[in-house]
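Residues per chain, in single letters:
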Amino acid sequence: MRVAALSDFLLQRIDRGSGMPMNRQLYQVVREAILERVMPVGLQLPSSRDLARELKISRNTVTHAYDQLMAEGYLETRKGAGTFIADTVPDQIPEADEASAQDARQASSAGLSERGAQLIRHAGAYKLQWGAFMPGVPDVSAFPNKVWSRLQNKHWRRSRPELLTYGHGGGYLPLREAIAEYLRVARSVNCTADQVIVTSGIHQSIDLASRLLADVGDRAWVEDPCYWGTRNVLTSLNLKPVPIAVDAEGICPGNADLRHPPRFIHVSPSHQYPLGQVMSLSRRRMLLEYAAKHNIWVMEDDYDSEFRYASRPLASLQGMDTHDRVIYFGSFSKTLFPGLRIGFIVVPQALADSFATGLSDLYRCGQSFTQAILAEFMTEGHFASHIRRMRVLYAERLNLLLEAIERNFGGELTISGDNAGLHLVLLLPDHCDDAALCRAAQEQGIIARPLSRYYMKPSRAKKGLLLGYACVPHAQVGPAFDRLSQLIRRHIA
Ligand SMILES: Cc1ncc(COP(=O)(O)O)c(C=O)c1O
């Protein structure tokens, strides 16, 4: 779009008699045009001077609108080249794109708030949750149903009304005790049961911790790339996620970042999501010292550290913290099954009562009955033995996938994160359109997630595929990858 065409377009949409400040109108018109894709990703905008001249408004007004759009991630500047529309659309697959664009159109006409519409527009949850190669989903078919149903029947027979009413405080106490015991032994977390707050999963944990520890507009560092859910929960609370680069040692803030301490830092130190590296000891120390010095909360997302195949699982960051700055998040989504919707937060002692009150007041929680079953499932040893069994199963599936990659590509493509978790990342050359590749795969019934969509900063985005293997039966791993590899070849070419 040339300057003249762009200014014509803007002039048609700007209403000088509306009484709304011009900078606000300009901001809104450009923002809508970006969201409706009338102004496509990568489009260069005219300089503030040129646009101000064309629109016959002050340059300050244009700069103001540009700055706001920049702060919200709609625009980016490229050194020496100018201002461009940024690629801010997060993890979505194209069908979801169209569907959520429709949702967003309906949403704004249905009177949703700006943040509500933004959440719908950037929705990352995927309809298909099962099959080759769905990342992050354990083999739910291997869950010990019989044991669970025996415990469930036992609890129904006992019929205790307090398990069927609203929950209160931080969750069912015997479960908090069982989790604390497990975390002390398996994850070197320093905690007692009253520091454990039982939630409906890490999504809710991030929501609760953010509401209790940060205010609207506060900045939160997130790893770039990171889990789409973290980003969406933060933005829906009107917090500002600041994407920080990661390297082989984990989150890697530069000097410019360090000069502006955020309210909190969200990290996945045991297994960076989605790339899979472990945060080094020196980076952990740096982070904890920085957090202590500036009173920053560090949110440790320990979503799948139980599954480490070549070595023992690593100790938590929380266990190294001597200044009570770490808020630890864990979940049963990967160890048992995601539909269980039970996770937990470990908070410093001084916050324990506030979190327990916040939890019951905000979400009016319950599930004490399920929590009672889970507590017994843990204390009777079924949880530990299920993890041991699944670790063996997933290691075998990982090896089958690695063999299939080797068979199809030899050493041609780099693999990241292949020693832990439920997925690996197959890196692709920069010219490859990983989102288009995932669309094509989906048409053939194969699920893969495009790595580039996990980045907030487009200039950093690497291309690749997230391939989950945990929920793929042994016999399907090789054949499914062989089919996928033909598509990969075509896209690389
Ligand atoms: C890094 C990360 N954190 C959190 C979650 C979600 O956890 P939960 O199911 O407990 O909400 C996921 C799910 O895939 C994840 O990958």
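(A) Focus on unusual backbone geometry. The step from A132 to F133 runs through a cis peptide bond, and the omega angle for that step is -5 degrees. Tracing the sequence through the fold places F133 in the loop between α6 (114-121) and α7 (145-158).

(B) Spatial organisation of the domain arrangement of the protein chain. Split into domains, the protein chain comes out as domain 1 (3-85), domain 2 (89-124), domain 3 (161-381) and domain 4 (385-492). When each unit is reduced to the centre of its C-alpha atoms, the spacing between domain 1 and domain 4 is 40 Å.

(C) Summary view of the packing of aromatic side chains. Applying the stated rule across the entire model yields 16 aromatic pairs. Summarising the aromatic geometry, the rings of F143 and F377 are spaced 5.8 Å apart at their centres and angled 25 degrees between planes, so their arrangement reads as stacked. Remark: F377 occurs in helix α14 (residues 368-379) and F143 occurs in the loop between α6 and α7; sequence separation between them is 234 residues. Residue F143 is classed as buried on the basis of its relative accessible area of 8%. Given a relative accessible area of 0%, F377 falls into the buried group. Put simply, the rings of Y227, W228, Y273, Y303 and Y454 pair up and form one aromatic cluster. The residue whose ring lies beneath R325 is W297, and the NZ or CZ to ring-centre distance is 3.9 Å. Sitting over the face of the ring of Y166, R364 holds its NZ or CZ atom 3.8 Å from the ring centroid.

(D) A look at the site of the ligand. Around the ligand sit G201, I202, H203, Y227, Y273, D301, Y303, S331, S333, K334 and R341, and those are all the residues in its vicinity. Contact between the ligand and D301: a nitrogen atom at 2.7 Å from a side-chain N or O atom of the residue. The separation between an oxygen atom of the ligand and a polar side-chain atom of R341 is 2.9 Å. In isolation the ligand has 400 Å² of accessible area, and contact with the protein removes 92% of it.

(E) Structural detail: helix α1 (residues 3-13). By the burial criterion, the buried members of α1 are L6, S7, F9 and L10. Looking straight down α1, one finds its buried side chains confined to an arc of 160 degrees; they lie on one side. Check the buried side of α1 and you find it contacts α2 (22-35), β1 (44-45) and α3 (48-55).

(F) Region of interest: the pairing of strand β13 (residues 423-427). Among the five residues in β13, five count as buried, and that is most of the element. Neither face of β13 is open: one carries H423, V425 and L427, the other L424 and L426, and all of them are buried. Strand direction decides the pairing type here: strand β12 (residues 415-416) and β13, joined by two bridges, are antiparallel. What sits directly across from I415, in β13, is L426. Here β12 folds back onto β13, and the loop between the two strands holds six residues, one of which, G417, carries a positive phi near 70 degrees. Where β13 and strand β15 (residues 464-468) come together, five bridges link them in antiparallel fashion.

(G) Representation of the nonpolar core. In this structure, F133, F332, L374, L467, F481 and I488 are the most contacted members of the largest nonpolar core, which totals 68 residues. The contact partners of F481, leaving out residues within four places of it in the chain, are F133, L401, A404, I405, N408, F409, L426, L467 and I488. Core analysis: the next-biggest nonpolar cluster, separate from the first, contains 38 residues, A214, L237, V246 and Y455 among them.

Rules behind the numbers
- Residues numbered from 1 in each chain as written.
- Predicted model: local features only at pLDDT ≥ 70, side-chain atom pairs only at ≥ 80, totals over all residues.
- Heavy atoms only, no water.
- Helix = DSSP H or I, 4+ residues; strand = E, 2+ residues; numbered from the N terminus.
- Domains from an automatic or database assignment.
- Phe/Tyr/Trp six-rings, centres within 6.5 Å; stacked < 30°, edge-to-face > 60°.
- Buried < 20%, exposed > 50% of the residue type's maximum accessible area, 1.4 Å probe, protein only.
- Lys NZ or Arg CZ within 6 Å of the ring centre and 35° of its normal.
- Near = heavy atom within 4 Å.
- Polar contact = N/O pair within 3.5 Å; in protein donor to acceptor, adjacent residues only side chain to side chain.
- Areas by Shrake-Rupley, 256 points an atom, 1.4 Å probe, with all protein chains shown as cover.
- Arc of directions from axis to C-beta.
- Contact = heavy atoms within 4.5 Å.
- Pairing = 2+ DSSP bridges.
- Core = buried A, V, L, I, M, F, W, Y, C linked by side-chain atoms within 4.5 Å.

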